[in-house]
Every structure is written in C-alpha cells, then in structure tokens.
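The lines below spell out each chain.
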Amino acid sequence: MKTTYLLLAAAPLALFASDAFAQAAPTTADSAEEQEAPREVFSTGVAKGRDVLDAAISTSALSAEEVEELGANSVAEIVRNIPGVRVEASGGVANNSYTIRGLPLASTGSKYLQFQEDGLPVLEFGDLSFLGADVFIRNDLNLAAVEAIRGGSSSTFASNSPGGVINFISKTGDVEGGAIQASVGVDHENYRLDFDYGGRISPTLRFHVGGFYREGEGPRATGFTALQGGQIKANVTKEFAGGYVRLHAKYLDDRVPTYLQAPVRVTGTNENPSYEALPNFDLRSDTLLSPNAANFVSLDGDNNLARYDMRNGVHPVVKSIGLESKFDIGEWTVTERFRYADISGELFQNFPLTIAPAALLARSLGGPGAQLSYATGPNAGQAIADPTALNGNGLLAISLFENFRLHSVDNMTNDLRASRVWDLGRGKLTFTAGFYKSRQEVQTDWLFNSVITDVRGGGELALIDVTTATGIPQTQEGVFAYSAAIVTDAYRRKYDVAFNTNAPYGSLNYHIGKVAIGASVRFNSGSAEGSVFGSELGNGRSGIKPTDINGDGVISPAESRTGVVPLTTPAPVDFDYDYISYSGGINYRISEPLAVFARYSRGGRAAADRILFSPAVDPVSGGLTDPSDAFDIVKQAEGGVKYRQANLTLNLTGFWAKTDERNLQINSRPDGTTQVEQIFRTYRAYGVEAEGAYQRGVFSVTAGATYTNATIVDDVFNPAVIGNTPRHQPDLIFQVTPQVETERFTIGANFVGTTESFAQDSNQLRLPGYTLVNGFAQLRLNDKVQLALVGNNLFDKLALTDVTQGAIPASGLVTARALNGRTVTASVRLSF
C-alpha cells in the first residue's frame, strides 16, 4: 500500500475535484516505474495543477485500493491512518470522535475537523449533540479516494473547519468496470454484499452506481442482529468542451449499534493502573445491549405514550441529491456544487451512570432489606437470592436508556466559485473568489429512561427490579424512572432550530521562481432561529409529571418520576454572528527535491446547538448574552520541510495552536456517577508531525507520527484544571504500514498506536498506551477473482480510549470504552 503525501498551495478547495483525482490516483495496474516515481503535480483544490513541492500546506490521500487492503469497517478505521489525526474509534461503525494536531477533543464528534462527501460537508457541524458526521457516511465500493487537508489553511477552504477537511470522493465511471464482493466474519457474525459498476453510455456521458447490504450481530455480542441495512449511490456525468455537469444521489438506511462505556476493573495506582475484564463481561467483545433489555415504553417528544426498541441502535436514513459542474468562461474556470440531504432517523444507546455491588445498589434504591428480582430474560420474576454471586461478578448497573429522535437533520449546501490564472512573464498569479451557503436543520427529541440492569456479556444482560423490604416496588419492569430522574429531571429536550451559514471567500497566490506566496480570507456570517424546550430553561418549566404508563390506574414510584417536555413554554432561539478566517503562507523551493514552508492562520467554528441550553443564550429573548459566545476561534502557525527523491518522500511539520472552546462534556462526580457539564475554555498545543513513504521493488512502507504537547490555559467554570493536559491527549500517536505486493498477492501489516494519556482533565488516572497490530492479505487467482483476509487487533489488545472516572474509586470499578477485540474477515471479489 502506498499512501501519497502531498503539499499544495493556499487556494480554497475546488472542493476536492473528483475528476482531478481520477486522473492522478495510482492503481494496482500502474507500472512499477510509475509507482516508484512520486507524482509531480496535484490539481485537487487549486485552480491549476502545481508541483507539490511548490506549495505551503499539508495534504494526504488514500486511494480505494489502500482502503480496501486495510479492510476498514468504518470511517474511523480509515481516518486513523491519516497522519496528525487522532481518532477515538471505540463507538463502533458510527459516532466516533476525531481531532487533529492537538486541537481539543472535549466532547464527541469532530468539532474542528470537517467530513465531506464529494466536496460538500456531510453535516455543517460535525459535533451536533450526540450526533457525529460519521453517522451518515459508509465505506463501500463507491469510494474512489479519501483526501485530507490538515492545518489552519482549511479555515478558508470551508466553513466550520479550522483544523482540517477530510473528503470522501466517489467514483464517477471514468474507468469502465465493476465488482461484486461477498464478505463474512470468520470469528463473528457479519454477512455483507458489495457491488459497483460504472462506464460510458456515450463518448460524452458516463455513470457509476454501487452500494452494499449487510446483516449480523457484529464484532461484539449483543444477542440480536445489530448490523442491518445498507446504501446505494449513483451519479451520471455529461462532459462537454471545457467542463462537465454531474448529477448524483444517495440513499442510506443502515442500522448499527453504539458501543458506549462499560465496566472494567482497575487496580494499582492512578499513576500506574492495571485494567482487566470482569467475570462474564469483557468490554472488548461484550456490550451492555441485549434482547432482554430492548423493548420499553415512554413518553415521546410530544408527551404521548410510545414504544421503542433499543435494538434499532444508530439508525440513520439519508436521501440526498446533488449537482456538480465545472466549465470555462474565457480565461475563468467556474465550479458549482449543490446538495440537498433529507436526513432523519433514531439513536438508542445504553449509558451506565453507576456500576456497583448489587447489594449496595439495592439498599441505595430500596432501603435496608431491599430485594432484587429479574424483570426480563429467561429468569423473569425470579428473586435473586444471593446478590453477591450475581453473574459471577455481583454487580448491577444504573443506566440511562438514551433515545434520540432525529425528526430532521436536513441540510442544504451550495458552493460557487470562479478562478483565473494570469501569466505575468516571470511568475503566475492565481485568483479565486466564491460564495458558500448552507442551512442545517436540527429537529430532535432527547428522551431518557433510568433503568437497573445486571452486568452480563454474551448478549444476555437483563433488567432488574428493586422492591423495598415491605414489598413496595421501586422499579417497574426494570425502569426506575421514565426520565433521567435518577440523576436529575433535566435532559428531556426538544430542539426545533435552523442554522444558516453564508461565507464569501477569496484567495491570491503568486508563484515566481523558487518562491510561492499565498493568502486567503473567508467571511463567515451565520444565524440560528427556532425554539427549544426543556425544564432546564427555568421560569417555572417542569420536567416531571406523574403519568400512568402501564394504564393500571395506579401511579407507581417509577411512574411518579415520569419526565415530560414543557411544550407550552418554549424558549426562542434568535441570534446572529460573524467572524473572519484568514491564512497566509510562503513556500521556498531550495532545490529540486527539497522545499520549506511556513504559514499562519486564524479560523473559527460556530458553536451551533452546543450553547443552546447554556448561559450563552438568553432563554427569554433567544439572543446571545455575549456575541463572541456563538463561535470559537482557532489560531495556528506551522512550518515544515518537504523532501522527495525517486521512491522516497519525507515531510516534517511543526505546529502551534491556540483554541477557544465552548462545549458540553461528560464528567465524573466525586460519588462515581456522571453528569454533563458546560465548559468554556482555552487550550494551547504545539508539536511535530512526521510522515513518509518508501518503496523498493515489491516492498513499500508508509508511516506517520505526531508528537503533541497540549495544555488547558484557561477555564471559566473550573480553574482547577488550568495548566493540566487535556483528557485523552497522548504525547505521541503513530501509524506504520509495511507491505509486499506482487502481481498475484499482497501481504502486509498495519500498526496503529498511542502513548499513555489522562482519563480526565484532573490529570489523575492514566490511560495506558497501546499498539494495535492489524494484518491483511490478498490473493489474486486471476485478473477477475481475488480472495482477501483481514485481521484487526490480531493480539486482542485491551485498548482503552476513555475512562469516565478521573481517579480510581474505592470499588476499583470504572466505566470505559475500548477498541474492538480481535476480528477476522474473509472476502471474495469478482471483477468485471
């Protein structure tokens, strides 16, 4: 596998023209000479193609063949192979977390790193509450390449992307042919069928269509079909002299589970902890999901009774259609991109608040002498005689069954730009100007039930009932509250808000001799309008209303804690904001193989829905209490050296960043439970990013490593963390992929790792570092048939990405998230 590391000049993206990539991307059919020689010109994202050593920002590209060899099952498993990008990939297929070059990852999603499909953002904001952009992206045979721009210059390439842009580019039928691929999990249940085909209908008309469908339990035990669904994408391109017009469409309906925090035992000290799996529960291969804890009744967002099924997991439904065109008008090149996406769905997850000995939790919920019994499962109705022996670990969990209704996350995006290059004799001047427009809907409901479960793997988890010593039930079929009342009456919410973004932008780049100088600017203006509903907004709004859920005419203790949305007392949302992003850089070509560059940038990121229930927005007027609270500013500087010689590419970049942060963060309380808190902070980070690629004959290796020193330099609400290292931020992340490729077979390994970090911002409990070893092998029986085997986490490493608790509690129990344990997948592909 040969990853191509590229550097290009500062001009707003084309954005990532797929036709430009199709002309340059290598394939396994390229000659050995072509593969060994580095590419001279990279044209994606600039008005005209230019040598990568004559430009001043960092990019990387992964071709479809490289992604295929890695056997990536998710966006996270692809992106973690891009240098500089830190990924917390423990959520499963979707809802993972991403950041880049030391920018903070205070919550979930990808706040400072924008995900795009074919040059337009998947979501305008990549960290909507409980909803990341990767929920709506799937990797399949439609993928032509993944391209990434890293660093502050991305602030002027796209709105709300100060850290970088990662673009998933689709095939467009420029190469005729297709494939059918069948995959099966060797050691887990996953059956998948992929297909794609493209080609020319006429000399000027081409098309591509592809997709996938899958079913199975997945890499972790759930006891039910957790993976079910697929997608289909299609496009048709009409070419004409000086340009093209392309129509494209996508339909995604795919159900996948979310792997949230789960219990693990920790011994030793905060400085030197040792983590180990519990009896009958291994968070590498188990989940707190089960058909015994699937069906439940609650009030919906309109306070009506409704039944829900936890087995639906993360279930997005996306229907999108778009237009892409490029044409020349005299000396000008004009590009237009438009997409409308109808996005809806649902998201269910089991979030454990507290894990403790069963007898202790029974007493805390039901008083002295409280009794436990099974509410669901094969033992439903049976008393638990000895709580200390329950499931071999003697534990119970108090959890929130989280239910997010995605009524509409629709978005519309449009990007129109024009570019021209002037030949001034001694040098060339490139000018680009454009206008970007988007509208992002957020119409969602947050609904919660507080439940009691045992702690058992294998998809056999069950709900537990608690009864007082006098026989008064404190739960109802395992439900303690039809709300989040086990911790608060808050967080039963309804959002009905639209965010508008408008951004004119422009750039100038001048190349003369060995020097290339570029500068770009983007003026972002935005607005938010609509309503939000929730008891946290005050002014007499109530979040609890006793309700007869089971219709027996009696209000039980659990029913007395029923949560409602205060529909008659909405709070308005009505504010505007604006900020300027800019970037300037210089590149000096010292010699044919060697260049140096430097850049300074200022960018911004709108806070979007993260501030709507915070002091930043007045619940009476809907306006901002401080205009600056609507966005976060990121200032960055970078400088580096680039070397390219024959079959060797080396790049070394130093970086510095200062970031404002307004966000929601899940933190641990002193009693071991968890809560969601608002944070207003400033972070500082500096470090070095190294990347390289080498090829000799049939052997090649690519590698990347990023060293980061990050610090919290200010905190409005919690000054005790000032001077500390942000949670989960390691000193070093790295990727290495060696391989051997011949005409008939490919075999290689992919090493991905990180050094240790802190579990929380308090900088007490440490998360151990890890190195995952993944392997891949392909056997090509002939030009049409290929067999492949991919193994992830071959040594079944316990790789933790986060721990909720900031220090080891007296119980020695913490809740954590981990990467999947060992999985092996086999596939056969028929190409035609």
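In short, a report on the structure. For every chain, the first residue of the written sequence is number 1, and numbering continues from 1 onward in sequence order. For a predicted model such as this one, the threshold for reporting local features is a pLDDT of at least 70, and the threshold for listing and counting side-chain atom pairs is 80 or more; totals across whole chains, interfaces and linings nevertheless cover every residue. With hydrogens and water excluded, all non-hydrogen atoms of the structure serve as input to the side-chain values.

### Description of the pairing of strand 39 (residues 745–754)
Here is the key point about a regular strand: its side chains alternate between the two faces of the sheet.
Okay, step 1: The cut-offs for exposure are 20% and 50% of the maximum accessible area for each residue type, with area from a 1.4 Å probe on protein chains only; residues under the lower value are buried, those over the upper are exposed, and the others partly exposed. Here a strand is any run of E in DSSP of at least two residues, a helix any run of H or I of at least four, and the numbering for each starts at the N terminus. Of all 10 residues in strand 39, seven are buried; the element is thus mostly enclosed.
Okay, step 2: A pair of strands counts as paired when DSSP detects no fewer than two bridges linking them. In terms of strand pairing, strand 38 (residues 732–741) meets strand 39 through seven bridges, oriented antiparallel. Bridge assignment links Ile733 to a residue of strand 39, and that residue is Thr754.
Okay, step 3: Counted between consecutive antiparallel strands, the loop separating strand 38 from strand 39 contains three residues.
Okay, step 4: Bridge count for strand 39 against strand 42 (residues 770–780) is 10 bridges, and the pairing is antiparallel. Note on strand 42: the bridge partner recorded for Phe751 is Val773.

### What to know about the sheet that holds strand 19 (residues 273–276)
What holds strands together in a sheet is hydrogen bonding between their backbones, with the strands either parallel or antiparallel.
Okay, step 1: Taken together, four strands build an open sheet; the order of strands is 19-18-45-44 and the sheet is antiparallel. One side of each edge strand has no neighbouring strand; the edge strands of this open sheet are strand 19 and strand 44 (800–803). Neighbouring strand axes in the sheet, compared pairwise and without regard to direction, differ in orientation by 45° on average.
Okay, step 2: In the sheet, strand 18 (residues 262–268) pairs with strand 45 (residues 813–818) via four bridges, with the strands oriented antiparallel. Across the sheet, residue Pro263 finds its bridge partner in strand 45, namely Thr815. Axes, fitted as lines to C-alpha atoms, cover a helix only where it is in contact. Angles between the N-to-C directions of the axes lie from 0 to 180 degrees.

### Notes on the packing of aromatic side chains
Any pair of aromatic rings gets described here by the distance separating the centres and the angle formed by the planes.
Okay, step 1: Geometry of aromatic contacts follows a simple scheme: Phe, Tyr and Trp rings, the Trp one being its six-membered ring, pair when their centres are within 6.5 Å, and the pair is stacked under 30 degrees between planes, edge-to-face over 60, tilted otherwise. This model, assessed by the stated rule, comprises 21 aromatic pairs.
Okay, step 2: Taken together through their ring pairs, the aromatic side chains of Phe130, Phe404, Trp446, Phe448, Tyr495 and Phe613 make up a single cluster.
Okay, step 3: Each ring is checked for a lysine NZ or an arginine CZ that lies within 6 Å of its centre and within 35 degrees of its normal; such an atom marks a charge sitting over the ring. The lysine or arginine in question, Arg662, covers the ring of Phe680, its NZ or CZ lying 5.5 Å from the ring centre.

### Observations regarding the side chain of Thr453
Okay, step 1: Residue placement: Thr453 occurs in strand 27 (residues 427–454).
Okay, step 2: Note on Thr453: relative accessible area 0%, which makes it buried.
Okay, step 3: Excluding residues within four positions of it along the chain, Thr453 makes contact with Leu396, Ala397, Leu461, Ala462, Leu463 and Ile464. Residue contacts are counted whenever heavy atoms from the two residues lie within 4.5 Å of one another.

### Observations concerning the nonpolar core
Okay, step 1: Here, nonpolar core refers to any group of buried Ala, Val, Leu, Ile, Met, Phe, Trp, Tyr and Cys residues whose side-chain atoms link them within 4.5 Å. Among the nonpolar cores identified, the biggest contains 100 residues, and Ile166 and Leu612 are the most heavily contacted of them.
Okay, step 2: Looking at which element gives the most residues to this core, the answer is strand 23 (residues 332–357), with six residues.
Okay, step 3: In this view, Leu612 contacts Tyr495, Val497, Phe499, Val532, Val573, Phe575 and Val617; residues no more than four positions away in its chain are not counted.
Okay, step 4: Core analysis: the second largest hydrophobic core is formed by 40 residues, Ala262, Ala306, Leu765 and Leu798 among them.

### Describing the environment of Gln443
Okay, step 1: Looking at where Gln443 falls in the secondary structure, it is placed in strand 27.
Okay, step 2: Separated by 228 residues in the primary sequence, Gln443 and Glu215 place their C-alpha atoms 29 Å from one another.
Okay, step 3: Ignoring anything within four residues of it in the chain, the contact list for Gln443 reads Arg405, Leu406, His407, Ser408, Tyr495 and Asp496.

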